[in-house]
Amino acid sequence: MRDALPGGGALLALDLGTKTIGTAFCDAGWRFASPGKTIPRGKFMADKAQLAALVAERSIKGLVIGLPLNMDGSEGPRSQSSRAYARNLEPLELPILLWDERWSTASATSALIAQDMSRAKRAERIDSAAAAVILQAAIDALAGGRF
């Protein structure tokens with residue numbers, strides 16, 4: 001991703017669930033990730049159209065997609081599904097980075113609980129908060145020693 005975008009650029013992260021897609025965005029300088037909206041998952045073409053609209057609206061230069069690895073680092077069926085989803089997004093013509101998402105939901109849940117958020121509100125926001133955790137980890141690694 002760093003080679004594909006040497007000048008940085010806003011990124012969109014996706015946390016792919018079976019029922020929803022959590023989104024998160026970062027600034028062009030890759031400093032801060034922020035949760036976006038949670039998109040109800042439907043047919044792929046409808047999902048892709050919503051994602052394309054977000055890409056255009058936010059001038060997105062690259063995608064970071066959570067890769068659900070098993071705890072031992074191996075890939076299972078959910079990882080294969082995320083890889084397939086990434087392949088299907090290639091027509092957007094953006095660089096795509098698959099990022100290890102282990103513990104992202106647990107981290108996001110802890111952060112939302114620390115904010116004293118109700119269970120109902122957490123349920124609404126957990127996927128986008130997890131996407132922000134995934135994106136922050138990715139941009140921290142991508143930025144390396146720049147900051």
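Bear in mind the structure is a predicted one, so any value in this text is a computation, not a measurement. (Residues numbered from 1 in each chain as written. Predicted model: local features only at pLDDT ≥ 70, side-chain atom pairs only at ≥ 80, totals over all residues. Heavy atoms only, no water.)

Visitor: Help me understand the overall build of the chain, please; the structure alone is not making it clear to me.
Guide: Counting its secondary structure elements, the chain contains 4 helices and 5 strands. The order of helices and strands in the chain, counted from the N terminus, is β-β-β-α-β-α-β-α-α. For 147 residues, the compact-globule estimate of 2.2 N^0.38 gives 15 Å, and the chain sits close to it at 14 Å. Each principal axis of the C-alpha distribution contributes one length, and for the chain these read about 40 × 40 × 35 Å. Expressed as a percentage of the 147 residues in the chain, the buried residues total 44%. (Helix = DSSP H or I, 4+ residues; strand = E, 2+ residues; numbered from the N terminus. Rg over C-alpha atoms; globule rule 2.2 N^0.38 Å. Buried < 20%, exposed > 50% of the residue type's maximum accessible area, 1.4 Å probe, protein only.)

Visitor: When you look at the side chain of S128 in this model, what are you seeing that I'm missing?
Guide: With respect to the secondary-structure elements, S128 resides in helix α4 (residues 119–143). A polar atom in the side chain of S128 sits 3.1 Å from the backbone oxygen of R125. In contact with S128, other than residues within four places in its own chain, are G22, T23, A24, P35, G36, K37 and T38. (Polar contact = N/O pair within 3.5 Å; in protein donor to acceptor, adjacent residues only side chain to side chain. Contact = heavy atoms within 4.5 Å.)

Visitor: What is the right way to look at unusual backbone geometry in this model?
Guide: Among all residues except glycine, the phi angle is most often negative; among peptide bonds, the trans geometry is most common. Of note in the backbone geometry, W30 takes a positive phi value of approximately 60 degrees without being a glycine. In this structure, W30 sits in the loop between β2 (20–26) and β3 (33–40). The backbone phi angle of S59 is positive, close to 50 degrees, even though this residue is not glycine. In this structure, S59 sits in the loop between α1 (44–58) and β4 (62–67). Classification of S59 by relative accessible area gives partly exposed; the value is 45%.

Visitor: Could you clarify how one ought to interpret the nonpolar core in this entry?
Guide: A general tendency of soluble globular proteins is for nonpolar side chains to be buried together. Counting 18 residues, the largest nonpolar core has L12, L14, L51, I60, L63 and L89 as the members making the most contacts within it. Beyond its immediate stretch of four places on either side in the chain, L89 contacts L14, F44, K48, L51, L63, I65 and I96. L11, W30, V64 and I134 belong to the second-largest nonpolar core, a separate cluster that totals 17 residues. (Core = buried A, V, L, I, M, F, W, Y, C linked by side-chain atoms within 4.5 Å.)

Visitor: I'm lost on the pairing of strand β5 (residues 96–100) in this one. Help?
Guide: Looking along a regular strand, one sees side chains alternate from face to face of the sheet. Direction of pairing for β4 relative to β5: parallel, over a ladder of 5 bridges. Bridging across to β5, L67 finds its partner in D100. (Pairing = 2+ DSSP bridges.)

Visitor: I'm lost on the side chain of E101 in this one. Help?
Guide: Considering the arrangement of structural elements, one finds E101 in the loop between β5 and α3 (104–114). The class for E101 is buried, based on a relative accessible area of 10%. Dropping the residues within four chain positions of it, E101 is found in contact with D15, G66, L67, P68, R78 and I134.

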